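Reading the structure
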Amino acid sequence: MSDAIRKGKIDTLHGDINYPAFMPDATYGTVKNTSFAQLKSAGINELVTTTLHIEQKIGSEYLRDYGGIHKFTGWDRPILTDSGGFQVFSLIHRRANKQNKITDAGCSFIDPITGKYNFLSPESSQIIQHNIGSDMRVVLDEPLIESDSLSSIKRSVSRTTEWAKRSKKAFLNELGLSENDFDNPDIKRPLLVAVIQGANNMEYRKRSAMELMEIGFDIYGLGGMPLKTKKTWDLTDQGGFHKELLHFLAELIPQDKIRYALGVGTPDDLNFCVNNGWDIFDTVLPTRNARHGYLYVHKGEGDASFEHYDVLHIKSERYKFDDRPIDSQITYPGTENISRAYLRYLIKNKSAIGHQYATLHNLGFYGEIMSKLRSA
RNA sequence: GCAGGGAUGGCGGAGCGGUCAAACGCACCAGACUGUAAAUCUGGCCACGUGAGUGUACGGGGGUUCGAAUCCCUCUCCCUGCA
């Protein structure tokens, strides 16, 4: 049992990450509606961005020629790039299109905006991430949904392992390094993340983890995310399987390796995961939900209650005449003197500044959670 | 004054004899969202009822018809041509 919260530093090319840490998703190279200065004020020190979105909107070769994403954006702290695997997966499950498919070679898909055919392989994903110039890079993997069959799980796990091998090779190749260089602590390089698959199947999760550890990576991620189910990570009311799985997997990963729960999670999820040995996280919840008027507040402050927090549906009529601050127990930087009634009006009218206040609030809340966990 | 056109639910706007409590938008109400292709999506939105359903409704009044928001007459108001 590893009940103690793990704490430490991840040494990256752009400074340390003090974990446990939450990294917001800056999908298009920006955390929507916020400035970097505001992010830092909210206690955010590292970002996640995605290869496919960056490739489409900015262009990885352009970024390479420009001097990398840090120079381009001015963000001088750690950046993690996701492989694009989840985006393709999401695209395939959300938008039926005969040309959207995954084979051993890689992922084929139609860009929903340009309508153009695209192909993403483990190698091309690494090349794009290298051109972007990120500090942490993720191998291309094949996520599944909860309802996928055992044969799909088998295929996903073996394909993810094969792709991880190819990814590592491409990763080293781009850096001009050899296999042996990977484990040489004197060589400073970006960190490489492998993603464990296996859906809800313990046996295959373990197999996936073991196969990936055999190859050797810096960070091991929890992948998969059953998209189609509710309350995904806390399934105590449906058998309690995921908590068990998260605990089980954290135990499997070596102590000196970083554990990254991709796409996790709610404040309760973060508390649970950190207390069970997971180190770093990213999710769109605080930013997307902010735009939708779903605010995270301290217990007793909202209209819906969860284990460690409340939720305040700011668009609700119940806040029309509420002149109190968003959360009476704390005000996060950038949201001073904003009443619930005013924020309600702003969000209902899709105001950009309203989105900003709400985003700063939610990120402040997430920042506070992680800060407390780090000092617990 | 003459000749046309029009008045539909909070607003805009379909419908032009039955399948209309009335398309679609907006506004409004509620909810969802977990490696963001989501500033999105889902449901509700005349009244009463949990519900099946019942009752009122398409400017006012009166007709025709088994049956009208839809056809006819008339009144009120609005817009467009001509004087």
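Values in this document were obtained by computation on a predicted structure and should not be read as measured data.

Attention now goes to the overall build of chain A. Looking only at helices and strands, chain A has 14 helices and 16 strands in total. By its C-alpha atoms, chain A is 60 × 50 × 45 Å across when sized along the principal axes. In chain A, which comprises 376 residues, the proportion classed as buried is 54%. As displayed, chain A has an accessible area near 16200 Å², and 49% of this comes from carbon and sulfur atoms. Computed over 46 positive and 47 negative side-chain charges, the separation of the two mean positions in chain A equals 6 Å.

The next subject is the protein's contact with RNA strand B. The immediate surroundings of RNA strand B are formed by 53 residues, with Gln87, Gly263, Arg291, Arg344 and Lys348 found nearest. Among the atoms of RNA strand B close to the protein, meaning within 4 Å, 51% are from sugar or phosphate groups. At a separation of 3.3 Å, a base nitrogen of RNA strand B approaches a polar side-chain atom of aspartate 111. Here a phosphate oxygen of RNA strand B and a side-chain polar atom of histidine 313 are 2.7 Å apart. Of all elements in the fold, only helix H2 (51-57), helix H5 (85-94), helix H12 (285-291) and helix H13 (340-348) reach the threshold of two or more residues within the surface near RNA strand B. Among the residues forming the surface near RNA strand B, the class breakdown is 15 nonpolar, 20 polar and 18 charged.

Spatial ordering of the open sheet is given by E6-E7-E8, a layout of three strands whose pairing is antiparallel. The sheet is open, and its two borders are formed by strand E6 (101-103) and strand E8 (117-120), each paired with just one other strand. Ignoring strand direction, the axes of neighbouring strands in this sheet form an average angle of 20°. With four bridges connecting them, strand E7 (residues 106-110) and E8 associate as antiparallel partners. Looking across to E8, one finds that phenylalanine 109 is bridged to asparagine 118.

Time to look at the nonpolar core. Counting 61 residues, the largest nonpolar core has Phe217, Trp278 and Phe281 as its most contacted members. Per-element accounting of this core gives the leading share, six residues, to helix H14 (residues 352-374). In terms of nonpolar packing, the next biggest core, distinct from the first, is built from 17 residues, Ala21, Met136, Ile219 and Leu262 among them.

An ideal rise of 1.5 Å per residue puts 33 Å on 23 residues; H14 measures up with 32 Å between its terminal C-alpha atoms. Most of H14 sits out of view: 18 of its 23 residues are buried. Near the N-terminus of H14, the side chain that reaches the backbone nitrogen of isoleucine 353, with its oxygen 3.2 Å away, is that of serine 351.

Applying the stated criterion across every chain yields a total of 17 salt bridges. When the shortest N-O distance is used, the salt bridge between glutamate 142 and arginine 159 registers 3.2 Å. Of this pair, glutamate 142 sits in the loop between strand E9 (136-138) and helix H7 (150-175) while arginine 159 is found in helix H7, placing the two residues 17 residues apart along the sequence. Residue glutamate 142 shares its accessibility class with arginine 159, and that shared class is buried.

It is common to give the size of an interface as the accessible area lost on bringing the parts into contact. Per the domain assignment, the segments making up chain A are domain 1 (8-284) and domain 2 (291-374). If you average the C-alpha positions of domain 1 and of domain 2, the two centres end up 29 Å apart. Domain 1 puts 25 residues into the contact, and the matching count from domain 2 is 21 residues. Per-residue buried area on domain 1 facing domain 2 is highest for Asn33, Pro267 and Asp268; these three make up 30% of the total on that side. Here domain 1 is connected to domain 2 by zero salt bridges. At the boundary of domain 1 and domain 2, one finds six residue pairs in polar contact (both at pLDDT 80 or more).

Parameters at a glance
Residues numbered from 1 in each chain as written. Chains lettered and ligands numbered in written order. Predicted model: local features only at pLDDT ≥ 70, side-chain atom pairs only at ≥ 80, totals over all residues. Heavy atoms only, no water. Helix = DSSP H or I, 4+ residues; strand = E, 2+ residues; numbered from the N terminus. Buried < 20%, exposed > 50% of the residue type's maximum accessible area, 1.4 Å probe, protein only. Areas by Shrake-Rupley, 256 points an atom, 1.4 Å probe, with all protein chains shown as cover. Lys, Arg positive; Asp, Glu negative; His and termini not counted. Charge placed at Lys NZ, Arg CZ, Asp CG, Glu CD. Near = heavy atom within 4 Å. Polar contact = N/O pair within 3.5 Å; in protein donor to acceptor, adjacent residues only side chain to side chain. Nonpolar A, V, L, I, M, F, W, Y, C, P; charged D, E, K, R; others polar. Pairing = 2+ DSSP bridges. Axes fitted to C-alpha atoms, helices over the stretch in contact; angles between N-to-C directions. Core = buried A, V, L, I, M, F, W, Y, C linked by side-chain atoms within 4.5 Å. Expected span 1.5 Å × (residues − 1). Salt bridge = Lys/Arg side-chain N within 4 Å of Asp/Glu carboxyl O. Domains from an automatic or database assignment. Contact = heavy atoms within 4.5 Å. Buried area = accessible area lost by both parts, 1.4 Å probe.

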